[in-house]
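One letter stands for each residue in the lines below.
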Amino acid sequence: MDDQSGVGRDLTLAAACVAAVFLFALLSPAFGTAGNAATVLRNGYELWLIALGMTLLMAMGAIDVSVGAVMGVTAILTGQALLADLPLGVVMLVGPAAGAMLGLCAGAVVVWGRIPAIVATLGLFGVFRMLIFLVLGGQWLSGLPADLTRVVDWRAAGVPAGLLIVALAYGAAWVFLRRTTYGPHLLAIGFDEDRARLMGLAVTRVRLATFAASGALCGLAGVFYIAIYRNVSMTIGADIALEAVAAVILGGTPIFGGRISLVGTVLGVLLLRILQNGLLLIGVPSLWQTVVTGALLLGVLSAEVVLRRARTGAA
Amino acid sequence: MAQLPALVDGVERLTDMMQAPPDAFVQARGIGKRFGALTALRDVDIDIRAGEVLALLGDNGAGKTTFVKVLAGAHVPSDGTLRIGGDTVRFASPRDAADHGVATIYQELALSENLKVAENIFLGHELVRPVLGVPFLDRAAMRARVRVLLGELDAHIPDIEAPVGSLSGGQRQAVAIARALNLDARLIIMDEPTAALAVAETRKVLNLTRRLAESGRAVVIVSHNIADVFEVADRMIVFRRGRKIAERKRAETDPDEIVALITGAHPDARVADQP
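Note that this is a predicted model, so its numbers are computed, not measured. (Residues numbered from 1 in each chain as written. Chains lettered and ligands numbered in written order. Predicted model: local features only at pLDDT ≥ 70, side-chain atom pairs only at ≥ 80, totals over all residues. Heavy atoms only, no water.)

*Asks:* Run through the overall build of chain B, naming residues and quoting values.
*Replies:* Secondary structure assignment for chain B yields 9 helices and 12 strands. Here the C-alpha radius of gyration of chain B, 20 Å, is about what a compact globule of 275 residues would show, namely 19 Å. Overall size of chain B, expressed as C-alpha extent along the three principal axes, is 70 × 40 × 35 Å. Within the structure as shown, chain B displays about 12700 Å² of accessible surface, and the carbon and sulfur contribution to it stands at 53%. Counting 34 positive and 37 negative side-chain charges, chain B places the averaged centre of each group 4 Å from the other. (Helix = DSSP H or I, 4+ residues; strand = E, 2+ residues; numbered from the N terminus. Rg over C-alpha atoms; globule rule 2.2 N^0.38 Å. Areas by Shrake-Rupley, 256 points an atom, 1.4 Å probe, with all protein chains shown as cover. Lys, Arg positive; Asp, Glu negative; His and termini not counted. Charge placed at Lys NZ, Arg CZ, Asp CG, Glu CD.)

And the structure:
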């Protein structure tokens, strides 16, 4: 499934991460510390989870731009479950369960409404944002207890539990993609949905399941959000859809589907978070972060167009 | 006098019908298909027998592809009945058709080119070992079966781990046919199997088509290439304006007559030109 060019892409991204680390370590004494490395990783949790779902959707030729709002809604639900003193195990399941339901809604609109995923989820983004507004009523949800924080930051042999959960999610996705029928079916649909149907695949079921899985991952991201920030503001998740799409495309999963790279997404998220953290430490205002994300995305996409033209021109 | 050949043909068809074994694998009767105001197919009767290659011919828009899509479960017919293997069937999807032993190899659309050879052959019908309901792939068993299938077809595909997009047109046809065989298809429909193939590859695919029929399967090919059809088909059916206008055994016709039927120059073709 990952072809040669995919491996080349992974190496390029890994090299870019290493180069960025060296550059920022030279420019800022605060960057190259163990504490800051832990911070960069910890800041990546939600994006890694959301980008994993986005990778599956984009490999299938779909997309979900409502992911930030889904994370917002599920974070609020998780926060309220925490305030209601529910058992911690239940609190951690509320987000993923609600996220799966919202993802399923998006999938249903796309599949049965026959609306392009980007349009359908843009509409749902508006609806979910309104939900956040109605629930929060213009206030912040804050003063949450630190129970979840202790879970996520608990260390097993020095490795934070949060990182382990993220790794577990990617590992499970890898097993489903490579060792079960899900992988070939997902990629066949991403390559050509009508053809996949003619070949007898249960296209609707795979599409719905993938939207639901992505929603569940957004819900898990909502749990992490509460654990790490212990508050929810009105603007929660406003930029994370752009970041996730950027990380997935940087990682080499094409926007039109048919190919997938989990390693690429892991590295794409890492590169974004290193750049954001490094730029902040050398004194670039945080407003510029979305510019960096957008510029990186445009840069990679135009480089691909140029390379493709060069290749086909040469052939 | 113009009616005389038609009359003779009618009598011949009647005797053919009486001689024909009653257990044709597919019996299509009065098949019609309308898309809104457009009638794509009108009152088509066709028998398809095991062990023979049947060619469907006709100009673009004559109805042969619509008929094939009815057989393949991609279109639900507006009228008529379809009996396959003795059961009256009503296919709601290509998957239904596949479950009844009908496999269709669409031109250019048969395979997912981003996937490997083995993944394509098994797509939607993978060999699995479920663990807690999760369908884990039995990859060793599938690879072994792929080697057997490709061996039977005498297809030389050096790397079965390669994506199908990297194969030649003939190799892709072989993979598509291996897929049909693996589904245990009893009727294999091939849409323009030799279009876009090099000469040597065309030969291989035609040989394969014969071999499929000789192994007792029913084979339908849709083709524009009269020379290929005469080389491989036992029987030919010509469509015109949504109707079946002629049915000929290969020994009883020649390319000129078939071309005349397709283009409408033949008297029998006028059936279709009446309102």
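Picking up where we left off.
*Asks:* How would you explain the sheet that holds strand β1 (residues 26-35) of chain B if you had to name every residue and give the values?
*Replies:* All names here are of chain B. Read from one edge of the open sheet, 4 strands run β2-β1-β4-β5, paired in antiparallel fashion. Strand pairing shows two members of the sheet lacking a second neighbour, β2 (38-48) and β5 (87-89), which therefore form its edges. Pairwise comparison of adjacent strand axes, ignoring direction, gives a mean angle of 30 degrees for this sheet. Across 3 bridges, strand β4 (residues 79-84) lies against β5 in antiparallel orientation. Paired with R83 across the two strands is T88, which belongs to β5. (Pairing = 2+ DSSP bridges. Axes fitted to C-alpha atoms, helices over the stretch in contact; angles between N-to-C directions.)

*Asks:* Quick one: what's the story with the interface of chain A and chain B, residue by residue and with numbers?
*Replies:* Across the boundary between the two partners, chain A contributes 20 residues, which contact 26 residues of chain B. When chain A packs against chain B, the two sides together hide about 1900 Å² of surface, and 63% of this comes from carbon and sulfur. Taken as a group, R195, L198 and M199 of chain A account for 34% of the area that chain A buries against chain B, more than any other trio of residues on that side. Our count for the contact surface shared by chain A and chain B stands at 1 salt bridge. Put simply, R195 of chain A and E113 of chain B hold a salt bridge, and the shortest N to O gap is 3.1 Å. At the junction of chain A and chain B, the tally comes to 10 residue pairs in polar contact (both at pLDDT 80 or more). Elements with a contribution of two residues or more to the side of chain A that touches chain B: α7 (161-179), α8 (182-191) and α9 (193-198) of chain A. Top contributing element to the side of chain A that touches chain B by residue count: α8 of chain A, with 5 residues. Of the residues assigned to the side of chain A that touches chain B, the class counts are 10 nonpolar, 5 polar and 5 charged. (Contact = heavy atoms within 4.5 Å. Buried area = accessible area lost by both parts, 1.4 Å probe. Salt bridge = Lys/Arg side-chain N within 4 Å of Asp/Glu carboxyl O. Polar contact = N/O pair within 3.5 Å; in protein donor to acceptor, adjacent residues only side chain to side chain. Nonpolar A, V, L, I, M, F, W, Y, C, P; charged D, E, K, R; others polar.)

*Asks:* I'd love a proper account of unusual backbone geometry, names of residues and values included.
*Replies:* Residue and element names in this part refer to chain A. With a phi close to 55 degrees, R230 is a non-glycine residue in the positive phi region. By secondary structure assignment, the location of R230 is in the loop between α10 (203-229) and α11 (240-250). You can call R230 partly exposed: its relative accessible area is 35%. (Buried < 20%, exposed > 50% of the residue type's maximum accessible area, 1.4 Å probe, protein only.)

*Asks:* An account of a nonpolar patch on the surface is needed here, citing residue identities and associated values.
*Replies:* All names here are of chain A. Side chains of L23, L26, L27 and I282 sit close together on the surface and give an oily, nonpolar patch of about 420 Å² of accessible area. Tracing the backbone shows L26 in helix α1 (residues 4-27). Look at L26 and you get exposed, because its relative accessible area is 75%. (Patch = residues over 30% accessible without salt bridge, like charges linked within 9 Å, V, L, I, M, F, W, Y side chains within 5 Å.)

*Asks:* Explain the UniProt feature "transmembrane region" (unreviewed entry) in chain A to me, using residue names and the numbers behind them.
*Replies:* Residues and elements named next belong to chain A. Those places that UniProt annotates as "transmembrane region" (unreviewed entry) correspond, in this numbering, to residues 12-35, 47-77, 89-111, 118-137, 157-177, 208-228, 260-281 and 287-307. Taken end to end, residues 12-35 is 75% helix and 0% strand, and its first and last C-alpha atoms sit 26 Å apart. Between the C-alpha atoms that bound residues 260-281 there is a distance of 33 Å. The span itself is 91% helix and 0% strand. (UniProt positions renumbered as here; feature names shortened; annotations may be inferred.)

*Asks:* Residue-level account of the nonpolar core, with values.
*Replies:* Of all hydrophobic cores here, the largest spans 136 residues; its most connected members are L186 of chain A together with L57, V117 and I258 of chain B. If you tally residues by element for this core, the top one is α10 of chain A, at 13 residues. In this view, I258 of chain B contacts L57, I226, F230, M236, V238, R248 and T253 of chain B; residues no more than four positions away in its chain are not counted. Core analysis: the next-biggest nonpolar cluster, separate from the first, contains 28 residues, V26, I31, L54 and I189 of chain B among them. (Core = buried A, V, L, I, M, F, W, Y, C linked by side-chain atoms within 4.5 Å.)

*Asks:* Break down the sheet that holds strand β12 (residues 243-249) of chain B for me, with residues and values.
*Replies:* Residues and elements named next belong to chain B. The mixed open sheet is built from 6 strands, whose spatial order is β6-β9-β10-β3-β11-β12. Every other strand in the sheet has two partners, leaving β6 (102-105) and β12 as the edge strands with one partner each. Averaged over all pairs of adjacent strands, the angle between strand axes in this sheet comes to 20 degrees, irrespective of strand direction. When β6 meets strand β9 (residues 187-191), the two strands line up parallel, connected through 4 bridges. Counterpart to T104 in the pairing with β9 is I189. The strands touched by helix α6 (residues 169-182) within the sheet are β6 and β9, with β6 carrying the most contacts at an inclination of about 170 degrees. Sitting on the sheet, helix α7 (residues 199-214) touches β3 (53-58), β9 and β10 (218-222), and the angle it makes with β10 is about 145 degrees.

*Asks:* Before we move on, could you go through the side chain of D138 of chain B and cite the residues and values that matter?
*Replies:* All names here are of chain B. Along the chain, D138 turns up in the loop between β8 (134-137) and α5 (139-152). Buried and without a salt bridge, D138 has R129 as its closest oppositely charged side chain, separated by 4.1 Å. Residues within four places of D138 in sequence aside, it is in contact with L127, V128 and R129.

*Asks:* Lay out the packing of aromatic side chains with the relevant residues and their values.
*Replies:* All names here are of chain A. Enumeration according to the criterion identifies 4 aromatic pairs over all chains in this entry. For the ring pair F24 and F31, a centre distance of 5.5 Å and an interplane angle of 45 degrees mean the geometry is tilted. Both residues of the pair, F24 and F31, belong to the buried class. Ring geometry for Y45 and F224: centres 5.3 Å apart, planes at 75 degrees, overall edge-to-face. Of this pair, Y45 sits in helix α2 (residues 34-59) while F224 is found in helix α10, placing the two residues 179 residues apart along the sequence. (Phe/Tyr/Trp six-rings, centres within 6.5 Å; stacked < 30°, edge-to-face > 60°.)

*Asks:* Would you mind going over the pattern of salt bridges in detail, with residue names and values included?
*Replies:* Residues and elements named next belong to chain A. Taken as a whole, this structure holds 21 salt bridges over all chains when the rule is applied. The closest approach of N and O atoms between E193 and R197, which form a salt bridge, is 3.1 Å. With E193 and R197 both in helix α9 and 4 residues apart, this pair spans about one turn of that helix. Between R207 and E193 there is a salt bridge, with its nearest N and O atoms 3.3 Å apart. Pair noted here: R207 is in helix α10 and E193 is in helix α9, with a separation of 14 residues, a long-range link. On the basis of relative accessibility, which here comes to 13%, the residue R207 falls in the buried class. In this structure E193 comes out as partly exposed when scored by relative accessible area, which is 27%.

*Asks:* I'd like to hear about the pairing of β12 of chain B, residue by residue, with values.
*Replies:* Residue and element names in this part refer to chain B. Counting buried positions along β12 gives 5 out of 7 residues, so the element sits mostly inside the fold. Sheet analysis places strand β11 (residues 235-240) next to β12, joined by 6 bridges and oriented antiparallel. Note on β12: the bridge partner recorded for R235 is K249. Linking two consecutive strands that pair antiparallel, namely β11 and β12, is a turn of 2 residues; a positive phi of about 45 degrees is found at R241 within it.

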